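Chain by chain, the residues:
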Amino acid sequence: MRLLKKVNDGTNKLKAMKYYNLKDNQEIVDFKTATIKSQGNQKGLFFPESIPQFDKEFIQNLHLHSDEEIAFRCMKDFTGDEIPSDIVKKIAAETVSFDIPLKKINDRISVLELFHGPTLAFKDVGARFMSRCLSYFLKDQNKKVTVLVATSGDTGGAVAHGFYNVPGINVVILYPKNRVSAVQEKQLTALGGNIFALEVNGNFDDCQNLVKQAFSDESINSQLFLTSANSINIARWLPQQIYYLLALKQWKQQEDQDPVISVPSGNFGNICAGLLTYFRGLPAQHFIAACNKNDVIPDYLKTHQYHPKKAVATLSNAMDVGDPSNFTRVLELFGHQFDTLKNMISGYSIDDESTLQTIKKVHEKYGYTLDPHSAVAFASLEQYLNENPDRKGFILGTAHPVKFPDAVEKAIQVAIEVPEELGDIMKKEKKTVEINADFEELKRFLLK
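Cut-offs used in this document
- Residues numbered from 1 in each chain as written.
- Predicted model: local features only at pLDDT ≥ 70, side-chain atom pairs only at ≥ 80, totals over all residues.
- Heavy atoms only, no water.
- Axes fitted to C-alpha atoms, helices over the stretch in contact; angles between N-to-C directions.
- Helix = DSSP H or I, 4+ residues; strand = E, 2+ residues; numbered from the N terminus.
- Left-handed = near helix turned anticlockwise from the far one by under 90°.
- Contact = heavy atoms within 4.5 Å.
- Nonpolar A, V, L, I, M, F, W, Y, C, P; charged D, E, K, R; others polar.
- Salt bridge = Lys/Arg side-chain N within 4 Å of Asp/Glu carboxyl O.
- UniProt positions renumbered as here; feature names shortened; annotations may be inferred.
- Pairing = 2+ DSSP bridges.

Trainee: How should the packing of helix α5 (residues 123-137) against helix α6 (residues 154-163) be read in this particular structure?
Mentor: Packed helix pairs are specified by the crossing angle of their axes together with the interaxial distance, meaning the distance between the axes. Orientation of α5 relative to α6, taken along the N-to-C sense of each, is 40°, at an axis distance of 9 Å. Between α5 and α6 lies a crossing whose hand is right-handed. Along the contact surface, α5 presents Lys123, Asp124, Ala127, Met130, Ser131 and Leu134, while α6 presents Asp154, Thr155, Ala158, Val159, Gly162 and Phe163. Looking at the contact of α5 with α6, its residues break down into six nonpolar, three polar and three charged.

The structure is reproduced here in structure tokens:
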């Protein structure tokens, strides 16, 4: 653990931000290295050496800035001088080139719709930013690059779309067999070309462990230029801060109090990005880690005991994680001070029956259709607001309901209209290779 420094955001010449390994503090790298390497020695995650602070006037006047300018101001301190400012501006603009609206569901709960991107999920933001940074860093690289990623649902499609047909880069996606929705599966398996999908007989934690093993295997890394696009990669994790600022920009035009923010939480990259934004100066009253039956973190917040569990399958499958990688970053943000962390974060565990009831209730009462993940966030925020009646907040709408038609249509008894942009991909043939949760099988595929 390090004592994090807070650095004011100013107009001085940018310097390269350094990142240290949470498992080996002696390993310190720049943004480029952290992006390409993805994780450090001993499978450690990289973390910024300092927390750049937002200018107070900037936060107070977000409504005067375009979304593109907000995205650039959010990310420039993390890329530093390693990517020219004009390139960062271009990357930032392409990252937020779709609507991210904040909509009221009722007078106390709003939803930030993060599903208007190309794959209808919040992962589009991080995947677009990372793919463009990686393409810039590797433009003069002679060796073929392999992006290796595990997905519990939406990451795979977002990464596949972000890297599709990018010269010099192959993408290998591991996903748990029969544990992603039909739409999610098509988005990550049907593109072909430089995108390869591995259907793993296991759960997401198995997929994630295989990826981590690959990054630690000397024989693989001696033959392949390996990197990852999971939220363990800082270039995927850090840009998720952007939409918290875009939410605040809209929130302040509707409400006169700071929001409570409820985040569907699986691998904890999303809520960790929100907390980082808070530490940089984003006004927020409280954060909610909205979990399904995979309740490792809600249990931790009650007992101060961290006990990883085998992930169980739920309707909100992208959150089926029993040992969330990014929680170590959350702990680092709070200096491993449990009382401080608990004062800022509440954890809730919502089962499938409550998820379906929430989708049904919100549809009937407010005319709004939630996907299962957003329903978990809504139910969690509703519980919190019942206990704190003077507060208001918003949830992150992390995926379009069409990605989970079985659960949503079961709840609302109405067929969901398939968006036009999904028409072509749903007609394509699924292309996968099935493997067991066995590292030797993955190794053979990668080296082949």
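Read on, since the account is not over.
Trainee: Would you explain the pattern of salt bridges in this entry?
Mentor: Should the charged atoms of two oppositely charged side chains come close, the side chains can pair. Summed over the entire model, instances satisfying the criterion amount to 19 salt bridges. Residue aspartate 77 is joined to arginine 280 by a salt bridge in which the shortest nitrogen-to-oxygen separation is 3.8 Å. Highlighted residues: aspartate 77 in helix α3 (residues 67-79) and arginine 280 in helix α12 (residues 269-280), separated in sequence by 203 residues. The salt bridge partner of lysine 430 is glutamate 199, with a shortest N-O separation of 3.3 Å. In this pair, lysine 430 is assigned in the loop between α19 (423-427) and β16 (433-436) and glutamate 199 in strand β10 (residues 195-201), connecting sequence segments 231 residues apart. Here the salt bridges do not stand alone but share partners, grouping Lys177, Glu185, Glu199, Lys430 and Glu434 into one network.

Trainee: Sorry, what's going on with unusual backbone geometry here?
Mentor: Only a minority of non-glycine residues have a phi that is not negative, and only a minority of peptide bonds are not trans. Even without being a glycine, glutamine 42 presents a positive backbone phi close to 60°. Relative to the assigned elements, glutamine 42 resides in the loop between α1 (31-37) and β4 (46-48). Located in the positive-phi region is asparagine 178, a residue other than glycine, with phi close to 65°.

Trainee: What is the right way to read the UniProt feature "domain: Tryptophan synthase beta chain-like PALP" (unreviewed entry) in the chain from this model?
Mentor: Per the UniProt record, "domain: Tryptophan synthase beta chain-like PALP" (unreviewed entry) is annotated on residues 112-384. Across residues 112-384, helical content stands at 47% and strand content at 16%; the span's end C-alpha atoms are separated by 18 Å.

Trainee: Mind showing me how you'd approach the sheet that holds β4 here?
Mentor: To summarise the sheet geometry, strands pair through backbone hydrogen bonds and adopt either a parallel or an antiparallel arrangement. The antiparallel open sheet is built from three strands, whose spatial order is β3-β2-β4. The open sheet has two edge strands with one neighbour each: β3 (24-30) and β4. Here the average twist between neighbouring strands, direction ignored, is 35°. Pairing of strand β2 (residues 18-21) with β3 involves four bridges; the strand directions are antiparallel. Looking at β3, one finds that asparagine 21 is bridged to aspartate 24.

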